[in-house]
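Residue-level structural notes
Here are the chains, one letter per residue:
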Amino acid sequence: MIFGEFATRDAEGLILAHAVKLPAGRLPKGHVLRTADVTALAEAGIASVIACRIEAGDLGEDEAAERCASAIDPANLRLTPASTGRVNFYANCNGLFVADKGLVDRFNRVDPAITLACLADHSDVRDGDLVATVKIIPLAVSGDSVERARAILTEGAAFRLKPYRPHAVQLIATELPSLKPSVMDKTARVLAQRLAPSSSELVAEQRVAHRAEAVAAAIENALHRVDSRPPMIVVFGASAMCDAVDVIPESIRMAGGVVDQVGLPVDPGNLLVLGHVDGVPVIGAPGCARSPKENGFDWVLNRLLAGETPTCDELTGLGVGGLLMEIPSRPLPRELATEGESQPLKVATVLLAAGRSSRMGEGGRHKLLAEFEGEPLVRRSARIALEAGAGEVIVVTGHRGFEIAGSLKGLAVVCVDNPDYASGMASSLKAGFAVANAGGADGVLVMLADMPGVSVGDLHALVAAFRASGGRSIVRAVADGKRGNPVILPRSTFEAVKSLEGDIGARPIIETAGLPIVDVEIGLAARLDVDTPEAVIAAGGILKG
């Protein structure tokens, strides 16, 4: 192929490298110039064009792309017709995308003009997902190069899509007094959601004591269930596995099975156990699998659902790329202070003071500037947070932010302006947590600035409960058992805060994190906020501005 600038008078049969605009229309890139086109170009005063001339032995971009794509097994895939040198491959079902990196690399090294890009090996895909593309870079390419590249694709499967197979899955969950039934209920729901793309079904659940003998008996009981679909057993321990002879791996052996792997170089997901009993796979799920977010459990589960039997070599080879994002359910946050350290866990306070006071009527009064015992409410709340002494106090301002910040003058707080406060509480949470995260907080106490009943003692009780849990629990104030505020979120939830949108608080995180929740009774203060003039007056406040 010859590429360059050609005189218009000699351009018939050339392929345009760039689009050309004419008075009567547009000639697109890749257009083969005909006699009429050359005449139109000359009449428009265009003396030359950037184009290419195909030589003997060359193939046009579309033909070359189709030649390469035709060497790939189309099973479970849909191919698009070649266009602009590209053929796309789409999934025709839910399944596991498997790629041979060595083969793909060899193909791509034949000629830089001939490329194949695809998803990562063992990617979870859905029907309709784009999984791969063959792209010819120039407008034409050597036919010999195409044939050499194509020959490589015939040596094996550069990539393929393994459809998920419906399985009959049984859940065994162990119980300890520290694990709430609601957490176990959520675990079953999340597992069922994970199974849905494969049309697999959670057919039974057993809840047993956290002892190897009890789990082994439950495994044996599960093996007796008859179903036409391939069986699978998933075991969730109430306490995390910490040794190769801990409850879950030992129960697999006691049931007559074999433990194939204890531990996984994927984080979160380290504490996974994989074994089999009478040919039935048994997965000891890590605690992070109580969350719907991707973790090492997904990587192993998807392989099994696609009919693979992961080997020890394959599992221990997952370390590169195995460091996944922090998720709320992770039982030991990466940056959490370790037990036994002399310094207590750092708890920052994020005081939310950005709202518009929209329920205060048309008089322009701001509830946070209302005075309680001669002190603006927002200042009172900030002072109480400081006196609690847990750590840094971050006040997020927005509506009438200059006045709110002014009322805090002299207090050792960090004021953070949220210019997006009108979008709702989520933006204020994100602004505050960003500062707390940068400061190395192990947890954040989320406090609403319009709650005049919350005392220093209340905050002490919440922080003490958080530290007693080792920073691994969500701590929530309650009034007569009914949830309220403030709440403390551990560091492992900080990533989830970033995904909040709109006028919502931390409740979605609390309900879906899969972490233990410690309720601290502080009485009516947990549910007393002042959103209206009447509420301010009833709580003992005086409306000011």
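Values in this document were obtained by computation on a predicted structure and should not be read as measured data. (Residues numbered from 1 in each chain as written. Predicted model: local features only at pLDDT ≥ 70, side-chain atom pairs only at ≥ 80, totals over all residues. Heavy atoms only, no water.)

What follows covers the overall build of the chain. Along its length, the chain carries 16 helices and 29 strands. Computed over C-alpha atoms, the radius of gyration of the chain comes to 32 Å, more than 25% over the 24 Å expected from 2.2 N^0.38 for 545 residues, which places it beyond the range of a compact globule. When the backbone C-alpha atoms are referred to their principal axes, the chain occupies close to 90 × 75 × 40 Å. Relative to its full complement of 545 residues, the chain shows a buried share of 52%. (Helix = DSSP H or I, 4+ residues; strand = E, 2+ residues; numbered from the N terminus. Rg over C-alpha atoms; globule rule 2.2 N^0.38 Å. Buried < 20%, exposed > 50% of the residue type's maximum accessible area, 1.4 Å probe, protein only.)

The next subject is the confidence of the model for the chain. Taken residue by residue, the chain gives an average pLDDT of 91. The fraction at 70 or more is 96%. Ignoring residues within four places in sequence, the model shows residues 326-342, a span with pLDDT below 50, making 47 contacts including any to other chains. (pLDDT = per-residue confidence, 0-100. Contact = heavy atoms within 4.5 Å.)

Among the residues of helix H7 (residues 247-254), Val 247, Ile 248, Pro 249, Ser 251 and Ile 252 are the ones counted as buried. Check the buried side of H7 and you find it contacts helix H6 (212-223), strand E17 (231-236), strand E18 (258-262), strand E19 (273-277) and strand E20 (280-285). Positioned one or two residues after H7, Gly 256 has a phi angle of 90°, which is positive.

Estimated volume of the largest pocket: approximately 1,200 Å³. As for the largest pocket, its lining consists of 44 residues, of which Met 425, Leu 448, Asn 485, Asp 503 and Asp 529 are closest to the centre. Where the lining of the largest pocket is concerned, the elements lending two or more residues are strand E21 (347-353), helix H12 (425-438), strand E26 (443-448), strand E27 (474-479), strand E28 (482-490), helix H15 (507-512) and strand E29 (517-521). With five residues, E28 is the single largest residue contributor to the lining of the largest pocket. When the residues that make up the lining of the largest pocket are grouped by side-chain class, the tally is 20 nonpolar, 10 polar and 14 charged. (1 Å grid on protein atoms, 1.4 Å probe; cavity = no way out; pocket = protein on both sides within 12 Å on 5 of 7 lines; lining within 4 Å. Points joined across faces, edges and corners; volume = space filled by probe spheres on them. Nonpolar A, V, L, I, M, F, W, Y, C, P; charged D, E, K, R; others polar.)

Bringing the sheet that holds E21 into the picture now. Across the sheet, which stays open at both edges, the seven strands sit in the order E25-E24-E21-E26-E28-E27-E29 with mixed pairing between neighbours. The two strands at the open ends of the sheet, each matched to only one other strand, are strand E25 (414-417) and E29. Within this sheet the neighbouring strands show an average axis-to-axis angle of 25°, counted without direction. Here helix H13 (residues 456-468) sits on the sheet and contacts E21, E26, E27, E28 and E29; the angle it forms with E28, its principal contact strand, is near 50°. (Pairing = 2+ DSSP bridges. Axes fitted to C-alpha atoms, helices over the stretch in contact; angles between N-to-C directions.)

Note the cis peptide between Asp 267 and Pro 268, where omega equals 5°. Note that Pro 268 resides in the loop between E18 and E19. Cis rather than trans, the peptide bond between Asn 485 and Pro 486 has omega equal to 5°. Positioned with a positive phi, His 122 is a non-glycine residue whose angle comes to about 60°. One can find His 122 in the loop between strand E10 (114-118) and strand E11 (123-125). For Glu 373, which is not glycine, the phi torsion reads 55° and is therefore positive. Residue position: Glu 373 is located in the loop between strand E22 (371-372) and strand E23 (375-376).

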